[in-house]
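Architecture at a glance
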Amino acid sequence: MKLIADLAAIPSPSGNTNEVVTFVENFLKELQVHTYRNRKGGLIATIDGQDNSKHRMLTAHVDTLGAMVKEVKANGRLKIDLIGGFRYNSIEGEYCQIETQNGKKYTGTILMHQTSVHVYKDAGKLERNQENIEIRIDEKVHSAAEVRALGIEVGDFVSFDPRVEITPSGYIKSRHLDDKASVGILLQLIKQIKSEGITLPYTTHFLISNNEEIGYGGNSNITPETVEYLAVDMGAMGDGQSTDEYTVSICVKDSSGPYHYELRKHLVRLAEENKIGYKLDIYPFYGSDASAAIRSGHDIVHGLIGPGIDSSHAFERTHVSSIENTAKLLYFYVQSNLVI
């Protein structure tokens, strides 16, 4: 849980992930795990197995939702453009950070232009969109020229305050649990494999991807020997969903279509044999790095599991029991036989 909180605290909107990838790289370096970066900036870690003719790949992504400066407004505020699939209302009132091209960082707040109810009669009725939402910078600026004098310009990255909190009742609530919860789980799994001296049956790659939120984080660097590709991402909760905050969610289908049936059944068997709490579910508006890999033409068996995350792409939360159940399923999965 502490590792997840540490990851969530590092700003990493898609397109600006070097700091968090370096954090992961250093974590794995201490475990003496071989890693390399791909040209997209993602990180691949490899643990050799007994059989090097067939490989597994597991992936989770460190990139998050975020924004970019779209326009420096005449009033000294900033118009933004969204990175990733979310709604403006989910970031209204949020503290944020603007990072300039030269690395200078400024804080601000994301607000409706028409926020004050003492001035704007219809403040609550106006649409939350690019025209009405703006960043109020925590600097003494009143014009575009004064903002640009700070070094702020179009294209600067905007990240949202994650507000990480671990509660006494076992919840972790934070922005960007999608997918830093799963990254934390994979890192802890690798640490467990190393500390317990486990020999994996197959050479296993762990891809920490950095462009999943924009659709192509995990569609490359898949070795020709890779048979199974498992995305570890969040389970989507809501009306009609079976996923909850206490079990591991095994996705049977999302907007990309069904996941591999035999792999799904294999994951269910492992969960039942090892008394792991799980739920099967369909995510109606969702795509994963595994589905991106399939679309890219890779001849692989693909699957998707993850902890159940409430209020995805907004004010997210999950429970330690969901983290534990996901971790346990992965522990037994990487030591199991391939399905084909």
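Everything in this summary refers to the structure shown in the same document. (Residues numbered from 1 in each chain as written. Predicted model: local features only at pLDDT ≥ 70, side-chain atom pairs only at ≥ 80, totals over all residues. Heavy atoms only, no water.)

A short note on the packing of aromatic side chains
In total, this model carries four aromatic pairs according to the counting rule given. When the ring of Phe86 is compared with that of Phe160, the centres are 5.8 Å apart and the planes differ by 75°; the resulting orientation is edge-to-face. Placement of the pair is Phe86 in the loop between strand E5 (78–83) and strand E6 (95–99) and Phe160 in strand E9 (residues 157–160), with a sequence separation of 74 residues. When sorted by exposure, Phe86 lands in the same class as Phe160, which is buried. Taking the ring centre of Tyr261 as reference, the NZ or CZ of Lys265 above it sits at 4.4 Å. (Phe/Tyr/Trp six-rings, centres within 6.5 Å; stacked < 30°, edge-to-face > 60°. Helix = DSSP H or I, 4+ residues; strand = E, 2+ residues; numbered from the N terminus. Buried < 20%, exposed > 50% of the residue type's maximum accessible area, 1.4 Å probe, protein only. Lys NZ or Arg CZ within 6 Å of the ring centre and 35° of its normal.)

Side note on the sheet that holds strand E19 (residues 317–319)
Spatially, the three strands line up as an open sheet ordered E10-E11-E19, and their pairing is antiparallel. Two strands in the sheet have a free side with no partner beyond their single neighbour: strand E10 (165–166) and E19. Bridge count for strand E11 (residues 171–173) against E19 is three bridges, and the pairing is antiparallel. Residue pairing for E19: Tyr171 is matched across the bridge by His319. (Pairing = 2+ DSSP bridges.)

A short note on the pattern of salt bridges
Scanning the model with the defined rule gives 15 salt bridges in all. Residues Arg37 and Glu25 are paired through a salt bridge, measuring 2.8 Å at the closest nitrogen-oxygen approach. With a gap of twelve residues between them, Arg37 in strand E1 (residues 34–37) and Glu25 in helix H2 (residues 18–30) connect regions that are remote in the sequence. The class for Arg37 is partly exposed, based on a relative accessible area of 30%. By relative accessible area, Glu25 is classed as partly exposed at 22%. Across the pair Glu94 and Arg175 runs a salt bridge whose closest N-O atoms are separated by 2.8 Å. (Salt bridge = Lys/Arg side-chain N within 4 Å of Asp/Glu carboxyl O.)

Remarks on the nonpolar core
Ranked by internal contacts, the top residues of the largest apolar core, which has 67 residues, are Val24, Leu28, Phe206, Leu329 and Leu330. Among the elements that make up this core, the one with the highest residue count is helix H4 (residues 177–195) (nine residues). Aside from chain neighbours lying at most four places away, what touches Phe206 is Leu43, Ile44, Ala45, Ile47, Leu58, Leu186, Leu189, Ile190 and Ile193. Ala67, Ile80, Ile91 and Val147 belong to the second-largest nonpolar core, a separate cluster that totals 23 residues. (Core = buried A, V, L, I, M, F, W, Y, C linked by side-chain atoms within 4.5 Å. Contact = heavy atoms within 4.5 Å.)

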